[in-house]
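Structural overview
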Amino acid sequence: MPQIDRNGPIVVLTGAGISKESGLDTFRDKDGIWSKVRLEDVATPEGFARDPARVHAFYNARRRSLAEDGIHPNSAHAALARLEREWGAPVLVVTQNIDDLHERAGSTNLIHMHGELLKIRCRRCAEPFPWTDDLGLDHACPDCGRPGMLRPHVVWFGEMPLEMERIFEALEACALFVSIGTSGHVYPAAGFVAGVRKRGLAHTVELNLEPSEGASLFHESRLGRASELVPAFVEELLHRQDA
C-alpha cells in the first residue's frame, strides 16, 4: 500500500459482511434473508402498499433480533471507530447496513445510505424518529399525530439511497477509499470504486471474505474475515502515519 497523506480524507464503505461476524444475517448469502422471504413482498413500496402488516412484522422481527444478547460490535467496527479518532483528517463511514453496530462501536461520522432499523418515519410529514419497539398500523406519528402513516426508515428497492450528495462530495475529496464486506451487486454503492478510480487521485482497497463483483477495479484486495483484516489494516495505516 502506498503512503497515504496524513491529511487526506478517508471514505469507508461497509456492507453486510462486517456485521455478519456480530451474528446478524446477511441478505445475499446462500442462506441469507432473501433465500427465506421474497424481497418484493417486504422490501419494496409496492409490497408495503399490498400488505403493510406483513412488512411491519418482518422489520419488527429484525428490530428484535438486533436487541438480542450476543449481538455486539466486533473488532472491525471498533477498528473503524479508532481510525476516525486517530487519523489526521476526516474519516467517513458510509454503510449499507441498517443496524446500529457502527454507532455502538463509537463511529460518529457516519452515513446510513440505506436507512436505519432503529428509526421510523412518517409518510405524510417525512420526519424520521428513533424507534426500538414493534411498529403497527395503529401507531400514530409522533409529529403530525396521524395513525397508519408510519413506515420503517429503510430504503427499499426502487427508492433513492440517503445523503447521496454528501457521499459523492466525500468520494471526490478522499485520498483513500476502502470497501469492507460488500458483494458489489447493489448500486449505487457498487459503483463508488469506479468513480474514485476515474478521478485517479485516491488509493482504493477492498477488504472482503471473497472477491466482490467489482474486485478488479480496486488497486489492492485483501481477503479474509473483517474482524481480522480491518484491525490489521487500521493499525498499518496509523503506523504509517506516525512513521
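Conventions adopted
- Residues numbered from 1 in each chain as written.
- Predicted model: local features only at pLDDT ≥ 70, side-chain atom pairs only at ≥ 80, totals over all residues.
- Heavy atoms only, no water.
- UniProt positions renumbered as here; feature names shortened; annotations may be inferred.
- Core = buried A, V, L, I, M, F, W, Y, C linked by side-chain atoms within 4.5 Å.
- Buried < 20%, exposed > 50% of the residue type's maximum accessible area, 1.4 Å probe, protein only.
- Helix = DSSP H or I, 4+ residues; strand = E, 2+ residues; numbered from the N terminus.
- Pairing = 2+ DSSP bridges.
- Axes fitted to C-alpha atoms, helices over the stretch in contact; angles between N-to-C directions.
- Contact = heavy atoms within 4.5 Å.

- Per an unreviewed UniProt entry, the protein chain goes by the name NAD-dependent protein deacylase and belongs to Paramagnetospirillum kuznetsovii.
- The record in UniProt for the protein chain states the following under Function (unreviewed entry): "NAD-dependent lysine deacetylase and desuccinylase that specifically removes acetyl and succinyl groups on target proteins. Modulates the activities of several proteins which are inactive in their acylated form."
- Listed under Sequence similarities (unreviewed entry) in UniProt, the entry text for the protein chain is "Belongs to the sirtuin family. Class III subfamily."

1. Focus on the nonpolar core
- Formed by 26 residues in total, the largest nonpolar core has its most connected members in Trp87, Ile180 and Val230.
- Element by element, the count of residues in this core is highest for helix H9 (residues 226-242), at 7 residues.
- If you look at the next biggest cluster of nonpolar residues, it comprises 18 residues, including Leu13, Leu92, Leu171 and Phe218.

2. Points about the sheet that holds strand E8 (residues 203-208)
- Across the sheet, 6 strands lie side by side as E3-E2-E1-E7-E8-E9; this open sheet has parallel pairing. Each edge of the open sheet is held by one strand with a lone partner, namely strand E3 (110-112) and strand E9 (220-223). Sheet twist, expressed as the mean angle between neighbouring strand axes with direction ignored, is 15 degrees.
- In terms of strand pairing, strand E7 (residues 176-180) meets E8 through 5 bridges, oriented parallel. Looking at E8, one finds that Ser179 is bridged to Glu206.
- This element, helix H5 (residues 75-86), spans strand E1 (10-14), strand E2 (91-95) and E7 of the sheet and lies at about 165 degrees to E1.

3. Side note on the sheet that holds strand E4 (residues 115-122)
- A sheet is described by the order of its strands in space; here 3 strands give the open sequence E5-E4-E6, paired in antiparallel fashion. Among the strands making up the open sheet, the edge pair consists of strand E5 (128-130) and strand E6 (150-154). For this sheet, the mean angle separating the axes of adjacent strands, direction not counted, is 45 degrees.
- Bridge count between E4 and E5: 3 bridges; the pairing is antiparallel. Residue Arg121 lies in a different strand from E5, and its bridge partner there is Pro128.
- Helix H4 (residues 52-66) contacts E4 and E6 of the sheet and is inclined by roughly 135 degrees relative to E4.

4. Quick notes on the environment of Met164
- Take Met164: it is sitting in helix H7 (residues 164-173).
- Owing to a relative accessible area of 10%, Met164 belongs among the buried residues under this scheme.
- Distance in space between the C-alpha atoms of Met164 and Ile111 is 9.4 Å, their sequence separation being 53 residues.
- If we ignore the near neighbours within four places in the chain, the residues touching Met164 are Met113, Pro188 and Phe192.

5. Things to note about the UniProt feature "binding site: Zn(2+)" (unreviewed entry) in the protein chain
- When the UniProt feature table is mapped onto this chain, "binding site: Zn(2+)" (unreviewed entry) is found at Cys122, Cys125, Cys141 and Cys144. These annotated residues cover 23 residues of sequence, but their C-alpha atoms sit close together, with the largest distance between any two at 8.8 Å.
- Checked against the element boundaries, Cys141 lands in the loop between E5 and E6.
- When neighbours within four sequence positions are excluded, Cys141 is seen to be in contact with Cys122, Cys125, Phe129, Arg146 and Leu150.
- Among the structural elements, Cys144 can be located in the loop between E5 and E6.
- Residue classification places Cys144 among the partly exposed residues on the basis of a relative accessible area of 26%.

6. A look at unusual backbone geometry
- Each neighbour pair has its own omega, and for Tyr187 with Pro188 the value is 10 degrees, a cis peptide bond.
- Structurally, the position occupied by Pro188 is in the loop between E7 and helix H8 (192-199).
- Unlike most non-glycine residues, Ala126 shows phi in positive territory, near 65 degrees.
- Unusually for a residue other than glycine, Glu163 sits at a positive phi of about 55 degrees.

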